[in-house]
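# Report on the structure
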Amino acid sequence: MKSSHGTFAAIVWIVAGALLYNSEPEAKLFSWQTPVFFVLGMFVAAAVLGSLSYAGVRGLTHALVSARIVTAPTRRAQIGLTVAGYVLFGAQGALIYLVARWTIRAMFQIDGPD
């Protein structure tokens, strides 16, 4: 399960980077920043943001069990935990996009509204 969080983070980093390189006019595709952003950023996103997402899912599951909201491995509990996992994946995607945008703006020194 931990590797799926890292893989998801790396894929979202690449997709968000491609969208941001297309939408930020100051971001130059042919520059030294591009391979640094995509290659190094992909590994950092997988390691840091993927681990953060994994910890969030584990923490949420532990909190639900500790609070006795989920008491047995029923079908209803499985559906609830699956939905909670998807919500956390969505939040992770949004966080990765914001971090990627900040990184591109910092690398190319783009001043813009946040």
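So, here's what we can say about the structure. Everything numeric in this text was worked out from a predicted model, so none of it was measured. (Residues numbered from 1 in each chain as written. Predicted model: local features only at pLDDT ≥ 70, side-chain atom pairs only at ≥ 80, totals over all residues. Heavy atoms only, no water.)

One pass over the full model with this rule turns up 1 salt bridge. Here Glu24 and Arg105 are joined by a salt bridge, their closest N and O atoms 3.2 Å apart. Taken as a pair, Glu24 in the loop between helix 1 (2–23) and helix 2 (33–66) and Arg105 in helix 3 (residues 75–107) lie far apart in primary sequence, 81 residues in all. One exposure class covers both Glu24 and Arg105, and it is buried. (Salt bridge = Lys/Arg side-chain N within 4 Å of Asp/Glu carboxyl O. Helix = DSSP H or I, 4+ residues; strand = E, 2+ residues; numbered from the N terminus. Buried < 20%, exposed > 50% of the residue type's maximum accessible area, 1.4 Å probe, protein only.)

Contact geometry for helix 2 and helix 3: axes closest at 10 Å, N-to-C directions at 150°. Relative to helix 3, helix 2 is oriented roughly antiparallel. Of the two elements, helix 2 crosses helix 3, and the hand of that crossing is right-handed. The segment helix 2 lies against helix 3, with Gln33, Val36, Phe37, Leu49, Gly50, Leu52, Ser53, Gly56, Val57, Leu60, Thr61 and Leu64 engaging Leu81, Ala84, Leu88, Gln92, Leu95, Ile96, Ala100, Thr103, Ile104 and Met107. (Axes fitted to C-alpha atoms, helices over the stretch in contact; angles between N-to-C directions. Parallel < 35°, antiparallel > 145°, perpendicular 65-115°, else oblique. Left-handed = near helix turned anticlockwise from the far one by under 90°. Contact = heavy atoms within 4.5 Å.)

What follows is about the packing of aromatic side chains. Enumeration over the complete set of coordinates arrives at 6 aromatic pairs. The interplanar angle of 75° and the centroid separation of 4.7 Å between the aromatic rings of Phe8 and Phe89 together place this pair among those described as edge-to-face. Taken together, the positions of Phe8 in helix 1 and Phe89 in helix 3 put the pair 81 residues apart, joining distant regions of the chain. For Phe8, a relative accessible area of 28% gives the class partly exposed. Phe89 sits in the partly exposed class, given a relative accessible area of 22%. Each member of the aromatic cluster is reached from another via a ring pair, and the members are Trp13, Tyr21, Phe37, Phe38 and Phe108. (Phe/Tyr/Trp six-rings, centres within 6.5 Å; stacked < 30°, edge-to-face > 60°.)

Core analysis: the biggest nonpolar cluster contains 16 residues, and Trp13, Tyr21, Phe37, Ile96, Ala100, Ile104 and Phe108 have the highest contact counts within it. For this core, the secondary structure elements donating two or more residues are helix 1, helix 2 and helix 3. For this core, the leading source of residues is helix 1, giving 6 residues. (Core = buried A, V, L, I, M, F, W, Y, C linked by side-chain atoms within 4.5 Å.)

Residues Trp32, Val36, Leu40, Val44 and Val48 make up a contiguous nonpolar surface patch of roughly 510 Å² in combined accessible area. Relative to the helices and strands, Val36 resides in helix 2. (Patch = residues over 30% accessible without salt bridge, like charges linked within 9 Å, V, L, I, M, F, W, Y side chains within 5 Å. Areas by Shrake-Rupley, 256 points an atom, 1.4 Å probe, with all protein chains shown as cover.)

Note on placement: Ser53 falls in helix 2. Looking at Ser53, the relative accessible area reads 8%, which means it is buried. For Ser53, the contacting residues outside a window of four places in its chain are His5 and Gln92.

A few words on the packing of helix 1 against helix 3. Close contact between helix 1 and helix 3 brings their axes to 9 Å; oriented N to C, the two are set at 45°. On the basis of their axis angle, the class for helix 1 and helix 3 is oblique. For the pair helix 1 and helix 3, the sense of crossing is right-handed. Together, His5, Phe8, Ala9, Val12, Trp13, Ala16, Gly17, Leu20 and Tyr21 of helix 1 and Phe89, Gln92, Gly93, Ile96, Tyr97, Val99, Ala100, Arg101, Thr103 and Ile104 of helix 3 make up the contact between the two elements. In terms of residue class, the contact of helix 1 with helix 3 is made up of 13 nonpolar, 5 polar and 1 charged. (Nonpolar A, V, L, I, M, F, W, Y, C, P; charged D, E, K, R; others polar.)

In short, shape yes, function no, at least from these values alone.
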